[in-house]
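Tertiary structure, described
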Amino acid sequence: MLIQYALCGVKNKGSQKERILVFDQEGVQKLAVRIKALREELGLSQEDVAHGGAISVSQVSRIERGLLNPTVSTIFYIARAMKVPVAELFQFELTPLDE
């Protein structure tokens, strides 16, 4: 499992506060595989998912290959374009974090 962390500063009332940004490669990859498999199962093309240009076919392709970490809004859009519940896109298991 590959999880990358990046620290960035966030000012809060004159003090410096650390904020951790997380990129979960395993989660992005499993979401990518699930979106592509579901799209193909439904008989939809990447163009169908892009649905009139609201997101580009190139963006759909990058999401399906795990090269792009989609925003929550983009995931909502994909679910609507595919006419499936959002939860359907997340039908996969992640490896638990080490404690």
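Now for a description of the structure that goes with this document.

The rules behind these values
- Residues numbered from 1 in each chain as written.
- Predicted model: local features only at pLDDT ≥ 70, side-chain atom pairs only at ≥ 80, totals over all residues.
- Heavy atoms only, no water.
- Helix = DSSP H or I, 4+ residues; strand = E, 2+ residues; numbered from the N terminus.
- Buried < 20%, exposed > 50% of the residue type's maximum accessible area, 1.4 Å probe, protein only.
- Contact = heavy atoms within 4.5 Å.
- Axes fitted to C-alpha atoms, helices over the stretch in contact; angles between N-to-C directions.
- Parallel < 35°, antiparallel > 145°, perpendicular 65-115°, else oblique.
- Left-handed = near helix turned anticlockwise from the far one by under 90°.
- Phe/Tyr/Trp six-rings, centres within 6.5 Å; stacked < 30°, edge-to-face > 60°.
- Core = buried A, V, L, I, M, F, W, Y, C linked by side-chain atoms within 4.5 Å.

1. Remarks on the overall build of the chain
A tally of regular secondary structure across the chain gives five helices and two strands. Sorting the 99 residues of the chain into buried and exposed places 29% on the buried side. For the chain, long-range pairs separated by at least 24 residues make up 49% of all intrachain contacts whose partners lie at least 6 apart in sequence.

2. Some points on the packing of helix H1 (residues 25–41) against helix H4 (residues 72–82)
At their nearest, the axes of H1 and H4 sit 11 Å apart, and the two run at 15° to each other. On the basis of the axis angle, H1 is roughly parallel to H4. As H1 packs across H4, the resulting crossing turns out to be left-handed. Between H1 and H4, the contacting residues are Leu31, Ile35, Leu38 and Arg39 on the first element and Ile75, Ile78 and Met82 on the second.

3. So, the packing of aromatic side chains
Counted according to the given criterion, the structure contains one aromatic pair. Between Phe90 and Phe92, the aromatic rings sit 6.0 Å apart at their centres with planes inclined by 40°, giving tilted as the arrangement. By relative accessible area, which is 38% here, Phe90 ends up partly exposed.

4. Details of the nonpolar core
One finds Ile35, Ile78, Met82, Val84 and Leu89 to be the most contacted residues of the largest nonpolar core, which totals 14 residues. Sorting the residues of this core by element identifies H1, helix H2 (46–50), helix H3 (57–64) and H4 as the ones contributing at least two each.

5. A short note on H3
For H3, the complete set of buried residues consists of Gln59, Val60, Ser61, Ile63 and Glu64. Considering only its buried residues, H3 is in contact with H1, H2 and H4. Phi turns positive, to about 75°, at Gly66, one or two residues after H3.

6. Let's talk about the environment of Val84
As for its placement among the helices and strands, Val84 is situated in the loop between H4 and helix H5 (86–89). Judged by relative accessible area, Val84 falls into the buried class, the value being 14%. Taking the C-alpha atoms as reference points, Val84 and Leu38, 46 residues apart in sequence, are found 9.4 Å from one another.

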